[in-house]
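Listed below, chain by chain, are the residues.
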Amino acid sequence: MAERRGGVRRYRFAEGPAALALRVPEVLDSQYGTHVWPCAVVLAQYLWAHRRSLPGKRVLEVGAGTGLPGLVAAKCGAAVTLSDGEERPRCLRNCRRSCRLNGLPQLPVLGLTWGRAAPQLLSLPPVDIILGSDVFFDPKDFEDILTTVYFLLEKNPHAQFWTTYQVRSADWSIEALLCKWKLKSIHIPLHSFSADKEHLASSSLPGRHTIEMMIISLARSDGT
């Protein structure tokens, strides 16, 4: 089945000679990961705000979609691996195209499915930061996501999971699952990294969507 045509969306972080400009291809497709969602722009803004801490960091983006946050991290000096579901070949192809458009053809793009102990997951190199934007989209996937995150954090105890999510229902929560998997979360206010705006990175996103950010890490043995 042929992919439907889309376009290339441009994002610009800051102004002047120190600005970072990126181009992200979007495909009009039913697969979620073929276009940029509001959460991705917010997470990318967080990375940009913390760009001085990124050189040399080992970063894995899960559910990368078009890869905007991971591309920002790579442009800021991190060693980045992008990943999305191995059952989404169109999404993975578009992610690779996004890398090429931004002069990063060397970035690894892996098929990595949440909750599955596949060879790609087991053979991942060490990571310092895991990224995920809008991965908490469907409640049926929440435990698979946190199972994968827990596995990665157990292998990399000092790593953190930086994630943004859109508030879609007051009934959706991951608190019980965090407790089950011995994880803890810290809420990051959007105003702390200048993301409490309707328009970021010279784009129309995130618009009026309610976006939140948190950092998830392993809880200590005393539960803190």
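Reading the values: the criteria
- As a convention, each chain's residues are numbered from 1 in the sequence order in which they are written.
- A pLDDT threshold of at least 70 governs which residues receive local features in this predicted model, and a stricter bar of 80 or more applies before side-chain atom pairs are shown or counted, although totals over entire chains, interfaces and linings include all residues.
- Processing note: side-chain calculations cover all non-hydrogen atoms of the structure and skip hydrogens and water entirely.
- Any carboxyl oxygen of Asp or Glu that lies within 4 Å of a side-chain nitrogen of Lys or Arg is treated as forming a salt bridge with it.
- Note on exposure labels: buried denotes an accessible area under 20% of the residue type's maximum, exposed denotes more than 50%, and partly exposed covers the range between, all computed with a 1.4 Å probe on protein chains only.
- Here, axes are lines fitted to C-alpha atoms. For helices the fit covers the stretch in contact, and angles between N-to-C directions go from 0 to 180 degrees.
- Strands here mean DSSP runs of E at least two residues long; helices mean DSSP runs of H or I at least four residues long; both are numbered from the N terminus.
- Our angle categories are set so that under 35 degrees counts as roughly parallel, over 145 as roughly antiparallel, 65 to 115 as roughly perpendicular, and the remainder as oblique.
- Left-handed is the label given to a crossing in which the near helix is rotated counterclockwise from the far helix by less than a right angle, and right-handed is the label when the rotation is clockwise.
- Only heavy atoms matter for contacts: two residues are in contact if any of them lie within 4.5 Å across the pair.
- Residue polarity follows a fixed list, in which Ala, Val, Leu, Ile, Met, Phe, Trp, Tyr, Cys and Pro are nonpolar, Asp, Glu, Lys and Arg are charged, and the others, Gly among them, are polar.

A.B. asks: I keep staring at the pattern of salt bridges and nothing clicks. Help me out?
C.D. replies: Side chains that carry opposite charge are capable of pairing whenever their charged atoms lie near each other. Using the criterion set out here, one finds 10 salt bridges in the structure. The salt bridge partner of Arg88 is Asp84, with a shortest N-O separation of 3.8 Å. Given the relative accessible area of 25%, Arg88 is considered partly exposed. Among the residues examined, Asp84 registers a relative accessible area of 6% and is labelled buried. A salt bridge links Lys180 to Glu143, with the shortest nitrogen-to-oxygen separation between them at 2.5 Å.

A.B. asks: Looking at this model, I keep getting lost on the packing of helix 1 (residues 38–49) against helix 2 (residues 68–75). Mind explaining?
C.D. replies: The description of two packed helices rests on the angle between their axes and on the distance between the axes. Direction vectors running N to C along helix 1 and helix 2 enclose 15°, while the axes themselves pass 8 Å from each other. On the basis of the axis angle, helix 1 is roughly parallel to helix 2. Note that helix 1 runs across helix 2; the crossing there is right-handed. Facing Ala40, Val41, Leu43, Ala44, Leu47 and Trp48 of helix 1, the residues of helix 2 in contact are Leu68, Pro69, Val72 and Ala73. Classifying every residue of the contact of helix 1 with helix 2 gives 10 nonpolar, no polar and no charged.

A.B. asks: Teacher, can you tell me more about unusual backbone geometry here?
C.D. replies: In most cases, non-glycine residues show a negative phi, while peptide bonds are predominantly trans. Leu205 connects to Pro206 through a cis peptide bond whose omega is 10°. One non-glycine residue with positive phi stands out, namely Asp134, at about 60°. One non-glycine residue, Ser202, lies in positive phi territory at about 55°. As for its placement among the helices and strands, Ser202 is situated in the loop between strand 8 (183–187) and strand 9 (211–218). Judged by relative accessible area, which is 54%, Ser202 ranks as exposed.

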